[in-house]
Amino acid sequence: MKVLVIGGGGREHAMAWKLSQSPKVTKVYVAPGNGGTALNPKLENVAISDVRELRTWAQAEKIALTVVGPEAPLAAGVVDEFRAHGLRIFGPTKAAAQLESSKAFSKAFMRRHGIPTADYDTFTDPAAAHAFVDRLGAPIVIKADGLAAGKGVVVAMTLQEAHDAVDFMLVDNKYGVTHNEGGARVVIEEFLEGEEASFIVLCDGKNVLALATSQDHKRLKDGDEGPNTGGMGAYSPAPVVTADVHARAMREIILPTIRGMEKDGIPYTGFLYAGLMIDAKGQPKTLEFNCRMGDPETQPILMRLKSDFSDVMSAAADGKLDQMELQWDRRTALGVVMAAHGYPENPRKGDPITGLPAEADDAVVFHAGTQLKDGVVSVTGGRVLCVTVLADSVKQAQQRAYDVARGIQFDGAQYRRDIGFRALKS
């Protein structure tokens, strides 16, 4: 069958790579794809981003299954559009994708259905937001209500940082984010102590199937210092997600979310990513929902998946997840993100990339912000590559990943040197 992956980042490269390994898949298209998907002879890029135009193309090409990677097309209603024309697609509808596209929707949903999360309030008025910050004190979390490419959250450790974030998001609206009713809006919530983990499941409207546990590193610099980014690396499995934490997350967060969405008349299909904060007692609370697999968590998770990914996606699209059982490589997978000069504020584009290694059984370099032009791969975005490896331990995976990363060159490349450090501490 012919399969389409929508998106152009590292997550989508990993999805297309995994789908192409299936003997049932004859062709994998990626729209729009990147330099890495262009280099892979099993994949073909499609330079279409408009939802309706892509649907028309998918009909003409007789695409048997479409998998959506990023949040923007989901929020634009790509699933609704494809389904309305009889095309098989895996992802949430536009209404269901509000769990990610609107922080205010998501927080109100959690409060309504008793899903554990941080206390919060929502503001469109800057004066009221500043007053709330002063009343709650620091540390405190400020979130832009809308899609901001993983960068719309500020964990303010001081009152000044918090007030600056309110002005940045609400007064100046520097992210250019608008919530579903138009205009800028922020969600301000209490700061939660603990350790973060990414808890990602597949949902077909009724059934839920959990993926392997993972943990990402959102801060730019070693030791979790510096600004929040879209993610500087990840690994799987995550030791912080013990069997007890896993059971509680499913029982207290995931299943009530799926039941709550159905009760609200918005059945949920697609990947559901719950960003968890796990406290010292092993109690998980929901930091946020994403309606997609995480990036860079997808890369190590799919490196460990031994099951046929096309079978998994087909079952998910057909409401048959209860018939699926996933097989995982016992080894640790670890991915190190190599980012552009100036990332995250002002990533520089155009730098040529050299030293890209051939794919190996235990090491794959997934592309994100790259393009292939006239035989040259160059930088087009903030997060450029994710060097992803499999090894028998976290320490060995670290060593292997950094050995590969050191061989890749582009001017101004920056990456953390401590991906996986929390797993080593535990």
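Refer to the structure printed above.
Cut-off values and rules
Residues numbered from 1 in each chain as written. Predicted model: local features only at pLDDT ≥ 70, side-chain atom pairs only at ≥ 80, totals over all residues. Heavy atoms only, no water. Helix = DSSP H or I, 4+ residues; strand = E, 2+ residues; numbered from the N terminus. Buried < 20%, exposed > 50% of the residue type's maximum accessible area, 1.4 Å probe, protein only. Polar contact = N/O pair within 3.5 Å; in protein donor to acceptor, adjacent residues only side chain to side chain. Contact = heavy atoms within 4.5 Å. Phe/Tyr/Trp six-rings, centres within 6.5 Å; stacked < 30°, edge-to-face > 60°. Lys NZ or Arg CZ within 6 Å of the ring centre and 35° of its normal. Disulfide = S-S within 2.5 Å. Pairing = 2+ DSSP bridges. Salt bridge = Lys/Arg side-chain N within 4 Å of Asp/Glu carboxyl O. Arc of directions from axis to C-beta.

*Asks:* I'm lost on the side chain of histidine 217 in this one. Help?
*Replies:* Examined against the element boundaries, histidine 217 turns out to sit in the loop between strand 12 (215-216) and strand 13 (219-221). Owing to a relative accessible area of 3%, histidine 217 belongs among the buried residues under this scheme. From its side chain, histidine 217 meets the backbone nitrogen of glycine 420 in a polar contact 3.2 Å long. Apart from residues lying up to four places away in sequence, histidine 217 is in contact with Asp224, Gly231, Met232, Gly233, Ala234, Tyr235, Arg416, Asp418, Ile419, Gly420 and Phe421.

*Asks:* Please explain the packing of aromatic side chains as it appears in this structure.
*Replies:* The description of an aromatic ring pair uses the distance of the two centres, along with the angle that the planes make with each other. According to the stated counting rule, one finds five aromatic pairs in the structure shown. Relative to phenylalanine 132, the ring of phenylalanine 123 has its centre 5.1 Å away and its plane inclined at 50 degrees; by these criteria the two rings are tilted. Residue phenylalanine 132 is classed as buried on the basis of its relative accessible area, which comes to 10%. Lying across the ring of tyrosine 29, lysine 27 places its NZ or CZ 5.9 Å from the centre.

*Asks:* How should I be thinking about the state of the cysteines in this particular structure?
*Replies:* Two cysteines joined by a covalent bond between their sulfur atoms form a disulfide. Taken as a whole, this structure holds zero disulfides when the rule is applied. Distance from the sulfur of cysteine 291, which forms no disulfide, to the nearest cysteine sulfur (cysteine 203) is 9.4 Å. By relative accessible area, which is 2% here, cysteine 291 ends up buried.

*Asks:* Looking at this structure, how should I read the pairing of strand 14 (residues 225-228)?
*Replies:* The side chains of a regular strand alternate, residue by residue, between the two faces of the sheet. Note that strand 13 and strand 14 share two bridges and pair antiparallel. Its bridge partner being in strand 14, lysine 221 is matched across the sheet by glutamate 225. Here strand 13 folds back onto strand 14 in antiparallel fashion, the turn holding three residues, of which glycine 223 has a positive phi close to 70 degrees.

*Asks:* Sorry if this is basic, but what is going on with the pattern of salt bridges here?
*Replies:* Where charged atoms of side chains with opposite charge meet at close range, the side chains can pair. Taken as a whole and judged by the stated rule, the model has 26 salt bridges. Between arginine 55 and glutamate 81 there is a salt bridge, with its nearest N and O atoms 2.8 Å apart. In this pair, arginine 55 is assigned in helix 3 (residues 51-61) and glutamate 81 in helix 5 (residues 78-84), connecting sequence segments 26 residues apart. For the pair formed by arginine 55 and glutamate 81, the shared burial category is buried. For glutamate 252, the salt bridge identified is with arginine 251, shortest N-O distance 3.6 Å.

*Asks:* Whenever I open this one, helix 3 confuses me. Can you help?
*Replies:* Because each turn of an α-helix spans 3.6 residues, side chains separated by three or four positions end up pointing in the same direction. Restricting attention to buried positions, one finds in helix 3 the residues Val51, Leu54, Arg55, Trp57 and Ala58. Along helix 3, the residues classed as buried sweep out an arc of 165 degrees about the axis, all on the same side. In helix 3, the exposed positions angled more than 90 degrees off the buried face are occupied by Arg52 and Ala60. Its buried side turned inward, helix 3 meets strand 1 (2-7), strand 2 (27-32) and helix 5. Taking the backbone nitrogen of arginine 52 as reference, a side-chain oxygen 3.2 Å away marks aspartate 50 as the first, capping residue of helix 3. Lysine 62 sits one or two positions beyond helix 3 and adopts a positive phi of about 55 degrees.

*Asks:* In this structure, what is going on with the sheet that holds strand 3 (residues 43-45)? I would like to understand it.
*Replies:* Whether parallel or antiparallel, the strands of a sheet pair through hydrogen bonds between backbone atoms. Across the sheet, five strands lie side by side as 3-2-1-4-5; this open sheet has parallel pairing. One side of each edge strand has no neighbouring strand; the edge strands of this open sheet are strand 3 and strand 5 (89-90). By the bridge criterion, two bridges tie strand 4 (residues 65-68) to strand 5 in an arrangement that is parallel. The partner of valine 67 across the bridge, within strand 5, is phenylalanine 90.

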